[in-house]
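# Survey of secondary and tertiary structure
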Amino acid sequence: MLGLFKGSPTASPPAPFTLLVIQADAYNWPELFEGVKVKGREVKVVQTGFDKISVGPAENYSPEKARRLCVHVHETTERDANGDKAGTKKRQTIFPDMLLVRNCVWTHAEDHKNTLYAFMYCNVPCVNSLESIYMSLERPVVMGMLNRIRTEQGREAFPVIDQAFTPGYREMMYPLGFPAVVKVGAAHAGFGKMRIKDHHDMHDFKSVLALSGGKYCSMEPFVEGARDLRIQCIGEDVKAFGRRDVSGEWKTNTGTSLCEQIEVTPVFRQWVEWVRPFFGGPSIFTIDAIEKPDGSHVILEVNDTSSGLFPDTAQEDNILIRGLVTRKMEEVL
């Protein structure tokens with residue numbers, strides 16, 4: 001009689017992979033990954049910001065835990081279809097199988113480098129690679145890469161802006177023309193940048209740099225441009241955008257500006273191919289440049305995985321990023 005009540009054993013579905021997305025400012029990544037499977041397993045997405053997690057402790061003495069980093073998520077932000085905040089969830093503890101980092105590791109207001117180091121200690125797979133994110137933390141490291149490409153390919157082919165660098169105020173000397181732009185440390189979004197009119201203002205600025213707590217500084221001529229350019233690379237996809245100021249701000253990313261998608265020229269594609277090896281494979285990065293009134297170009301900088309998206313193409317671009325992440329998960333998990 002007991003045999004009548006025995007059913008066929010049912011295999012439990014495999015546990016989902018856990019993807020931790022560091023992006024607190026926009027987009028709904030759980031929705032973007034809805035229905036996605038990797039190696040037959042669903043993907044559980046936890047989206048939050050660097051300031052809402054704590055990690056560790058990490059260890060290397062248990063083989064089964066060598067890449068299992070404990071992440072305490074104190075708050076996750078739920079977003080609607082438009083990416084607007086729609087609520088929060090309570091804390092949870094996860095062991096991420098994969099990372100997607102879309103916010104800056106450190107800014108003028110926050111420093112989360114120690115969290116990055118914990119992820120690196122445990123070799124957690126990530127888009128972009130943790131090594132490239134680490135290398136992108138400091139402006140001189142990225143500029144060194146650009147300088148090397150300019151040396152190898154020539155100034156005309158890869159027109160990186162002329163620049164001077166000083167480790168601190170004591171060594172500060174500026175031999176280039178005025179007006180100039182000074183950039184203190186590695187701040188983003190227009191912070192830490194000033195336009196300097198002449199050598200008198202530069203001397204005044206030197207006294208301010210002395211009170212910056214030991215920050216380094218780069219100095220370059222101010223370039224009057226017809227428009228700003230951003231060349232965006234997501235994996236194999238390349239897009240280009242132009243931006244013109246309409247508010248009188250010399251930093252067009254802080255004022256009101258008009259943005260439009262423009263043609264990706266062979267020159268832009270070549271820049272991307274020369275920069276791509278720095279990121280160690282399919283990645284997310286942008287090249288910022290200025291187009292002068294005569295049509296020539298000056299390359300200013302390269303931004304990594306935290307690069308913002310152009311609103312008109314954001315939905316398409318996020319799908320491309322999702323593809324980058326799922327392909328890497330298929331490769332490494």
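Report on the accompanying structure. (Residues numbered from 1 in each chain as written. Predicted model: local features only at pLDDT ≥ 70, side-chain atom pairs only at ≥ 80, totals over all residues. Heavy atoms only, no water.)

The next point concerns the overall build of the protein. Within the protein one finds seven helices and 19 strands. Each of the 333 residues in the protein was classed as buried or not, and the buried ones make up 46%. Sequence separation of at least 24 residues holds for 65% of the intrachain contacts in the protein that already meet a minimum separation of 6. For the protein, the computed accessible surface area is about 17500 Å², with 52% contributed by carbon and sulfur atoms. (Helix = DSSP H or I, 4+ residues; strand = E, 2+ residues; numbered from the N terminus. Buried < 20%, exposed > 50% of the residue type's maximum accessible area, 1.4 Å probe, protein only. Contact = heavy atoms within 4.5 Å. Areas by Shrake-Rupley, 256 points an atom, 1.4 Å probe, with all protein chains shown as cover.)

In this structure, strand β1 (residues 17-22) lies alongside strand β3 (residues 41-48), joined through six bridges in parallel fashion. Residue pairing for β3: Thr 18 is matched across the bridge by Lys 44. Inspection of the sheet shows strand β2 (residues 37-38) paired to β3 by two bridges, in the antiparallel sense. Bridge pairing links Lys 37 to Glu 42 in β3. (Pairing = 2+ DSSP bridges.)

Further remarks concern the side chain of Glu 301. Within the fold, Glu 301 resides in strand β19 (residues 297-303). Here the side chain of Glu 301 touches Arg 139 through a polar contact of 3.3 Å, side chain to side chain. Setting aside its immediate chain neighbours within four residues, Glu 301 contacts Arg 139, Leu 146, Lys 183, Lys 193, Thr 286, Ile 287 and Asp 288. (Polar contact = N/O pair within 3.5 Å; in protein donor to acceptor, adjacent residues only side chain to side chain.)

Every second residue of strand β9 (residues 98-101) is oriented toward a common face, with Met 98 and Leu 100 on one face and Leu 99 and Val 101 on the other, all of them buried. The pairing of β1 with β9 spans four bridges and is parallel. By the bridge assignment for β9, Leu 20 is matched with Leu 99. As paired strands, β9 and strand β10 (residues 126-127) are joined by two bridges and run parallel to one another. Looking at β10, one finds that Leu 100 is bridged to Val 127.

Here five strands make up an open sheet; going across it, the order is β17-β16-β15-β18-β19 and the pairing antiparallel. Strand pairing shows two members of the sheet lacking a second neighbour, β17 (257-262) and β19, which therefore form its edges. In this sheet, neighbouring strand axes are inclined to one another by 25° on average, regardless of whether the strands run parallel or antiparallel. Two elements, strand β18 (residues 284-291) and β19, share six bridges in a ladder whose sense is antiparallel. If you follow Thr 286 over to β19, its bridge partner there is Asn 303. (Axes fitted to C-alpha atoms, helices over the stretch in contact; angles between N-to-C directions.)

Among the residues of helix α6 (residues 266-275), those classed as buried are Phe 268, Trp 271, Val 272 and Val 275. Down the axis of α6, the buried set is contained in an arc of 100°. They therefore lie on one face. (Arc of directions from axis to C-beta.)

In the segment running from Gly 56 into Pro 57, the intervening peptide bond is cis, with an omega of 0°. Positionally, Pro 57 belongs in the loop between β4 (53-55) and β5 (71-73). The residue after Val 127, namely Asn 128, is reached through a cis peptide bond having omega -10°. Counting through the fold element by element, Asn 128 comes out in the loop between β10 and α3 (130-135). The backbone of Lys 39 sits at a positive phi, close to 55°, despite the residue not being glycine. Residue placement: Lys 39 occurs in the loop between β2 and β3. Residue class for Lys 39 comes out partly exposed when judged on its relative accessible area of 46%. Here the phi dihedral of Asn 123 falls at roughly 55°; this positive angle occurs in a residue that is not glycine.

Another aspect to go through is the sheet that holds β1. Reading across from one edge, β2-β3-β1-β9-β10 is the order of the five strands in this open sheet, with mixed pairing throughout. On the outer flanks of this sheet lie β2 and β10, each paired with one strand and no other. Against the sheet, helix α7 (residues 314-332) makes contact with β1, β2, β3, β9 and β10, and its axis sits at roughly 155° relative to β9, the strand it touches most.

Taken together, the side chains of Tyr 117, Tyr 134, Met 135 and Val 141 make up a nonpolar region of the molecular surface, amounting to roughly 340 Å² of accessible area. Relative to the assigned elements, Met 135 resides in helix α3. (Patch = residues over 30% accessible without salt bridge, like charges linked within 9 Å, V, L, I, M, F, W, Y side chains within 5 Å. Salt bridge = Lys/Arg side-chain N within 4 Å of Asp/Glu carboxyl O.)

Our focus in this paragraph is the packing of aromatic side chains. Evaluated as defined, the whole model comprises nine aromatic pairs. Considering the side-chain rings of Tyr 117 and Tyr 134, the 6.2 Å spacing of their centres and the 70° angle between planes classify their relative orientation as edge-to-face. One end of the pair, Tyr 117, is in helix α2 (residues 113-121); the other, Tyr 134, is in helix α3, and 17 residues separate them in sequence. Taking relative accessible area as the criterion, Tyr 117 reaches 34% and is therefore assigned partly exposed. Seen in terms of ring centroids, Phe 268 and Trp 271 are 5.4 Å apart; in terms of plane orientation they differ by 45°. Their pairing is tilted. Of this pair, Phe 268 and Trp 271 both sit in helix α6, three residues apart, which is roughly one turn of that helix. (Phe/Tyr/Trp six-rings, centres within 6.5 Å; stacked < 30°, edge-to-face > 60°.)

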